[in-house]
Amino acid sequence: MLFPTLVCAQINTDRVMTIARNALYFEDYVLSIQYFNQVINAKPYLYEPYFFRALAKLNLEDFQGAEADCDAAIQRNPFVVGAYQIRGLARIRQSKFDGAIEDYQKALHYDPENITLWHNLTLSHIQKKDYDSAKEDLENLLKVSPRYTRAYLMRGEVSLQQKDTIAALNDFNKALELDKYDPDAWAARAIVKLQQSKYGEAESDFDRAIHLSAKNAGNYINRALARFHQNNLRGAMSDYDLALDIDPNNFIGHYNRGLLRARVGDDNRAIEDFDFVIKMEPDNMMAIFNRGLLRAQTGDYRGAIQDYSTVINQHPNFLAGYYQRAEARKKIGDRKGAEQDEFKLLWDNLDFPYVDAVLISLYTGWRPQELALIQLKDVDLENQTLTGGLKTKAGKGRVVPIHHKIFELVKSNYDYANSIGSKFLFNDRNVYDKSNLYMTYDKYRGRFRKVMKHLNLEHTPDDTRHTFISECKALEISDYVIKLLIGHELKDVTEKYYTHRTIEQLRGYVELIPELPAPEAYQGAIRDLL
């Protein structure tokens, strides 16, 4: 009674297996897995249902599941080459390249002339950047199949990674010799020509590649680069448009078209491209910065500031961001914010000559002429004060505390002056006439202009004094104290004769100054003081 039942089970299993394989053939992977599950439940010792279910899972991008099924298939039959091949693919998709290499080497042990196995083994070595092993694989592959054009293309790509463009070009030429209808071969050679700045030849090769494969967005994008370098901007724009018609989500296509649109003045549509790029890659700081530039050009200064701030928050030393944000802040009347950004530029360019003098002026409020004429005898490093001044009785011989942030700058200039035997604190380091070292006002003005040009800023030497006063006003320091610091006469009799400010009291006020930018609201008060 048991024998007919067993026969019936065998027949049903074969039938279910056939149905499952048919579903797999017609790419109904979910249905095929359901049937393979039935076979596995009925006969778990067979390797075939695990093998084919692994293939279905691979197509559904369940790479872990595919690998596990291949493990089961190999456990039941270790001589099935296809199981190693599928597991190798699953491992590649999981970036398990060492495991994939092991699988392909094992499979090649059983089937040493299998072109696909050699191909995938090469790709695994390339992914690991083991280019010598990849070339060795390709040599073996070409022994098996000397006319396999993909081997020449891969070897050319490896040569490019090794910076050997001559070898790469030879392989690409060989591939074209074997198959002049291979679009990938034309495109590969075009890339080399592009790298060699042979833009006309590159465009010609891309023309052939596009003729043979009209739906490859990458070829249009690369031909656009070749056309751009030949100043064919209209042709480049057309190629980017075509590429994005084929692949609307192409990141590079949108990015490059955004740059090109910006170049030709199509700012609003360039912003649209960068919007797309940033939506796809929210952390792409260059795209965000470029969009900020475009927003500023279209008058959206607040949007530009937002973009610049995003970049600066991620890269605090990106000085171009501070400069552009300062310009945008000026446009919306945020003078305080703009000067904060410019101040950052100064501190980060201390290696540029005379930036230190500008910073010292910002923190002390000296007139340019007064700053240039400070002598070493007027510098008290122990008590951290500077003495000097011009014009009025109140201005001459006044003592100004040295802010802690500029003390090392003052000391550095002091030490240098001592080393060259100069009696002045600031000296011209670009002259050979030792008798003409001290910094006159004309020299200081010239050096100041060089600093501003280097930083791409627009200020006059007197602006540093204005900024000092601005910050004092912003901190609500009394006019009397400000006049004492900047050397203006005290007109109020009571304050003049009965109020005595010690150096330490003045230092307390000076040390309140943090970054020195002043809000627009205080500009009228500054003019009154000046």
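Residues numbered from 1 in each chain as written. Predicted model: local features only at pLDDT ≥ 70, side-chain atom pairs only at ≥ 80, totals over all residues. Heavy atoms only, no water.

### Some details on the overall build of the protein
Okay, so step 1: Scanning the protein for helices and strands turns up 29 helices and 3 strands.
Okay, so step 2: Buried positions account for 48% of the 530 residues belonging to the protein.
Okay, so step 3: For the protein, the share of sequence-separated contacts (at least 6 apart) that also reach a separation of at least 24 residues comes to 50%. (Helix = DSSP H or I, 4+ residues; strand = E, 2+ residues; numbered from the N terminus. Buried < 20%, exposed > 50% of the residue type's maximum accessible area, 1.4 Å probe, protein only. Contact = heavy atoms within 4.5 Å.)

### Here we look at helix 19 (residues 319-331)
Okay, so step 1: In a regular helix each residue adds 1.5 Å, so 13 residues correspond to 18 Å; helix 19 covers 19 Å between its end C-alpha atoms and thus fits that length.
Okay, so step 2: Burial in helix 19 covers these residues: G321, Y322, Y323, R325, A326, A328 and R329.
Okay, so step 3: Structurally, helix 19 contributes buried residues whose contacts are with helix 17 (285-297), helix 18 (301-314), helix 20 (335-347) and helix 24 (441-455).
Okay, so step 4: Just downstream of helix 19 lies G333, where phi reads positive at about 80°. (Expected span 1.5 Å × (residues − 1).)

### Remarks on the confidence of the model for the protein
Caution applies to low-pLDDT regions: their predicted coordinates should not be interpreted in detail.
Okay, so step 1: For the protein, mean pLDDT is 88; residues scoring 70 or higher make up 89% of the total.
Okay, so step 2: Across the protein, the element-wise mean pLDDT spans from 35 in helix 29 (residues 523-529) up to 98 in helix 12 (residues 199-212).
Okay, so step 3: Counted against residues more than four places away or in other chains, residues 493-500, with its pLDDT under 50, gives 8 contacts. (pLDDT = per-residue confidence, 0-100.)

### Here's the deal with helix 7 (residues 115-127)
Okay, so step 1: Its 13 residues place the ends of helix 7 19 Å apart at the C-alpha level, agreeing with the 18 Å of an ideal helix rising 1.5 Å per residue.
Okay, so step 2: Burial in helix 7 covers these residues: L117, W118, H119, N120, L121, T122, S124 and H125.
Okay, so step 3: In this structure, the buried residues of helix 7 make contact with helix 5 (81-93), helix 6 (97-110), helix 8 (131-144) and helix 9 (149-161).
Okay, so step 4: Two or three places before T116, at the start of helix 7, stands the capping residue N114, its side-chain oxygen 3.0 Å from that residue's backbone nitrogen.
Okay, so step 5: Among the residues trailing helix 7, K129 stands out with phi positive, at a value near 60°. (Polar contact = N/O pair within 3.5 Å; in protein donor to acceptor, adjacent residues only side chain to side chain.)

### What about the pattern of salt bridges?
Okay, so step 1: One pass over the full model with this rule turns up 38 salt bridges.
Okay, so step 2: Of the charged contacts in the structure, one is a salt bridge between D348 and K344, with a shortest N-O distance of 3.1 Å.
Okay, so step 3: Accessibility expressed as a relative area gives 31% for D348, which makes it partly exposed.
Okay, so step 4: When the shortest N-O distance is used, the salt bridge between K411 and D415 registers 3.0 Å. A residue pair is termed a helical-turn pair when its members lie 3 or 4 positions apart in one helix, as K411 and D415 do in helix 23 (residues 407-420) at 4 residues.
Okay, so step 5: You can call K411 partly exposed: its relative accessible area is 31%.
Okay, so step 6: D415 gets classed as partly exposed once you look at its relative accessible area, which sits at 37%.
Okay, so step 7: Here the salt bridges do not stand alone but share partners, grouping E67, D71, R87, R91, K96 and D103 into one network. (Salt bridge = Lys/Arg side-chain N within 4 Å of Asp/Glu carboxyl O.)

### Here we look at the sheet that holds strand 1 (residues 379-380)
Okay, so step 1: Read across the sheet, 3 strands follow the order 1-2-3 without closing on themselves; strand pairing throughout is antiparallel. The open sheet is flanked by strand 1 and strand 3 (398-401), the only strands paired with a single partner.
Okay, so step 2: In terms of strand pairing, strand 2 (residues 385-388) meets strand 3 through 4 bridges, oriented antiparallel. Among the inter-strand pairings, T387 is bridged to a residue of strand 3, identified as V399. (Pairing = 2+ DSSP bridges.)

### Some points on the packing of aromatic side chains
The geometry of an aromatic ring pair is captured by two quantities: the separation of the ring centres and the angle between the planes.
Okay, so step 1: Tallied over the entire structure, the rule returns 13 aromatic pairs.
Okay, so step 2: Here the aromatic rings of F51 and F52 are separated by 5.0 Å at their centres, their planes lie at 75°, and the arrangement is edge-to-face. Like F51, the residue F52 is buried in the burial classification.
Okay, so step 3: A ring pair is formed by F343 and Y363, whose centres lie 5.5 Å apart and whose planes are at 70°; its orientation type is edge-to-face. Of this pair, F343 sits in helix 20 while Y363 sits in helix 21 (residues 355-364), and the two are 20 residues apart along the sequence.
Okay, so step 4: Assessed through its relative accessible area of 0%, Y363 is described here as buried.
Okay, so step 5: Following the ring pairs from residue to residue traces out a cluster consisting of F36, F51 and F52. (Phe/Tyr/Trp six-rings, centres within 6.5 Å; stacked < 30°, edge-to-face > 60°.)

### Focus on the environment of G303
Okay, so step 1: Tracing the chain through its elements places G303 in helix 18.
Okay, so step 2: Accessibility expressed as a relative area gives 6% for G303, which makes it buried.
Okay, so step 3: Along the sequence, G303 and R291 sit 12 residues apart, while their C-alpha atoms lie 9.0 Å from each other.

### Let's talk about the side chain of D205
Okay, so step 1: One can find D205 in helix 12.
Okay, so step 2: Among the residues examined, D205 registers a relative accessible area of 3% and is labelled buried.

### Focus on the packing of helix 3 (residues 48-59) against helix 4 (residues 63-76)
Okay, so step 1: At a closest axis distance of 8 Å, the pairing of helix 3 and helix 4 adopts a crossing angle of 165°. As the angle between them shows, helix 3 and helix 4 are arranged roughly antiparallel. The two elements helix 3 and helix 4 cross, and the hand of that crossing is left-handed. Of the residues in helix 4, those in contact with Y50, F51, R53, A54, K57 and L58 of helix 3 are F63, G65, A66, D69, C70, A72, A73 and R76. (Axes fitted to C-alpha atoms, helices over the stretch in contact; angles between N-to-C directions. Parallel < 35°, antiparallel > 145°, perpendicular 65-115°, else oblique. Left-handed = near helix turned anticlockwise from the far one by under 90°.)

### Here we look at the packing of helix 21 against helix 24
Okay, so step 1: Close contact between helix 21 and helix 24 brings their axes to 9 Å; oriented N to C, the two are set at 100°. Taken together, the axes of helix 21 and helix 24 are roughly perpendicular relative to one another. Of the residues in helix 24, those touching helix 21 at V355, A357, V358 and S361 are Y444, F448 and V451.
Okay, so step 2: For the contact of helix 21 with helix 24, the residue count by class is 6 nonpolar, 1 polar and no charged. (Nonpolar A, V, L, I, M, F, W, Y, C, P; charged D, E, K, R; others polar.)

### Here's the deal with the environment of T385
Okay, so step 1: Along the chain, the position of T385 falls in strand 2.
Okay, so step 2: For the pair formed by T385 and V400, sequence separation is 15 residues and the distance between their alpha carbons is 5.6 Å.
Okay, so step 3: With residues up to four places along the chain from it excluded, the contact list for T385 reads D378, V379, D380, V399, V400, P401, I402, I503 and R507.

### Things to note about the pairing of strand 2
Okay, so step 1: Sheet analysis places strand 1 next to strand 2, joined by 2 bridges and oriented antiparallel. If you follow V379 over to strand 2, its bridge partner there is L386.
Okay, so step 2: Once strand 1 ends, the chain turns through 4 residues before running back antiparallel as strand 2, passing Q384 with a positive phi of about 55°.

### As for the environment of R302
Okay, so step 1: Here R302 is to be found in helix 18.
Okay, so step 2: The class for R302 is exposed, based on a relative accessible area of 61%.
Okay, so step 3: Spatially, the C-alpha atoms of R302 and R325 are 9.6 Å apart, while their sequence positions differ by 23 residues.

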